[in-house]
Amino acid sequence: MNHNDYVNDQVNKKNFFIKKKFSQNFLLDENIIKKIVKVSDVNQDSYVIEIGPGFGALTKYLVKSSKKLLLYEIDEELIPHLETLFNKDKNIHINHQDFLRTENIDEDIKKYLDDANEVVVISNLPYHITTPIIMKILEESKKVKRLVLMMQLEVAKRLTSKPNTKDYNALSVIIQDQTNAQYMFKVPKTVFKPRPRVDSAVIRLDIYENNGNKLFYQFVHACFMQRRKTLVNNLNASYSVDKEKLKLILEKLNLDDRIRAEALTLEKFKSLYNIFKEEGLM
Ligand code: SAM
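This is a predicted model, so every value here is computed, not measured.

**Q** Lay out the layout of surface pockets with the relevant residues and their values.
**A** Over the atoms, a rolling probe the size of a water molecule traces out where space has been left empty. Each pocket or cavity is described by its volume, and for the largest pocket that value is around 430 Å³. Lining the largest pocket are 31 residues, and of these G52, P53, E73, N124 and P126 sit closest to its centre. Sorting the residues of the lining of the largest pocket by element identifies β1 (26-27), β2 (47-51) and β3 (68-73) as the ones contributing at least two each. Considering only residue class, the lining of the largest pocket consists of 18 nonpolar, ten polar and three charged. Considering only enclosed or pocket space, the second largest pocket measures out at about 320 Å³ in volume. Lining of the second largest pocket is provided by 13 residues; of these, K20, S23, N25, P196 and R197 occupy positions nearest its centre. For the lining of the second largest pocket, a count of residues per class yields five nonpolar, five polar and three charged.

**Q** Describe in detail helix α7 (residues 153-160), supporting the description with residues and values.
**A** Restricting attention to buried positions, one finds in α7 the residues L153, V155, A156, L159 and T160. Across the axial projection of α7, the buried residues extend over an arc of 165°, all falling on one side. Contacts made by the buried residues of α7 are with α6 (130-140), β6 (144-152), α8 (170-178), β7 (179-187) and β9 (200-207).

**Q** Which residues make up the site of the ligand, and what values go with them?
**A** Every one of the 22 residues lining the ligand counts as a neighbour, but L27, G52, E73, D98 and N124 are closest to it. Within the backbone of I74, one N or O atom sits 3.4 Å away from a nitrogen atom of the ligand. Side-chain polar atom of N124 to an oxygen atom of the ligand: 2.8 Å apart, as the coordinates give it. When isolated, the ligand has an accessible area of 590 Å², and the protein chains bury 99% of it. Spatially, the ligand is embedded in the largest pocket. Where the shell around the ligand is concerned, the elements lending two or more residues are β1 and β3.

Calculation criteria
Residues numbered from 1 in each chain as written. Predicted model: local features only at pLDDT ≥ 70, side-chain atom pairs only at ≥ 80, totals over all residues. Heavy atoms only, no water. 1 Å grid on protein atoms, 1.4 Å probe; cavity = no way out; pocket = protein on both sides within 12 Å on 5 of 7 lines; lining within 4 Å. Points joined across faces, edges and corners; volume = space filled by probe spheres on them. Helix = DSSP H or I, 4+ residues; strand = E, 2+ residues; numbered from the N terminus. Nonpolar A, V, L, I, M, F, W, Y, C, P; charged D, E, K, R; others polar. Buried < 20%, exposed > 50% of the residue type's maximum accessible area, 1.4 Å probe, protein only. Arc of directions from axis to C-beta. Contact = heavy atoms within 4.5 Å. Near = heavy atom within 4 Å. Polar contact = N/O pair within 3.5 Å; in protein donor to acceptor, adjacent residues only side chain to side chain. Areas by Shrake-Rupley, 256 points an atom, 1.4 Å probe, with all protein chains shown as cover. Sits in = over half its atoms within 2 Å of the grid points.

Encoded structure:
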């Protein structure tokens, strides 16, 4: 029985109950799976983590195209399926665990992935925890170097968007400070069981700095606090800095005093933050 028939059979015969609380939307399109593996650039020397393998749709391909694989799956009902599928494979370790509760990702890499220094995370993410998963990896791991992730289209656009677009927000700046964020391709909602309400997309994040500057990220959030307000008004509200002083600072950076946060490049955010720090304004 092929993979799609197997998943359909399990669900239709009620052997398996789909759990909304775990964002279970299983991928049933081999071409999309192959495309994900292709854009992840993994090869026989790669160490890979997959979060939420489900019935192993992607895992089947990853096991053939990597050196060692570490899986985190929260749903205990899926563990026997994964064990049956991969019981002969010595290069897979299955962790029945909530990824967000992993105590130390790099310790797991030490234990199960030969203490590799360059690890790739690949996942068709549980959508309700997209941002916490990405932030956990960026904050905690020094070994994960690349993430290839499927998520809701809207979030994918936000994370990879550029200034002066409607999707650009604090999260775009924070992610792009730490990674080279690239939009890869759209995935229609029709290729999942059950069908989600919205389309998805795959993005690739190549990390250049793990564990970024938290104070800078708070500052970026403050700049975007009320999207329709000017930067001067948002900074005045968050840091109680006089508006005239703020206008002078913007002038120094060749920025219009009516500018909004959505028009600032990452570099301008950094320059502005540096002035705030140097002048003791925060
Ligand atoms: N990879 C499979 C596929 O593409 O068909 C399943 C993807 S489904 C969108 C998300 C998967 O993540 C489910 O298998 C779900 O049980 C699992 N999951 C949800 N929350 C999780 C968590 N906190 N830690 C680990 N796995 C989780």
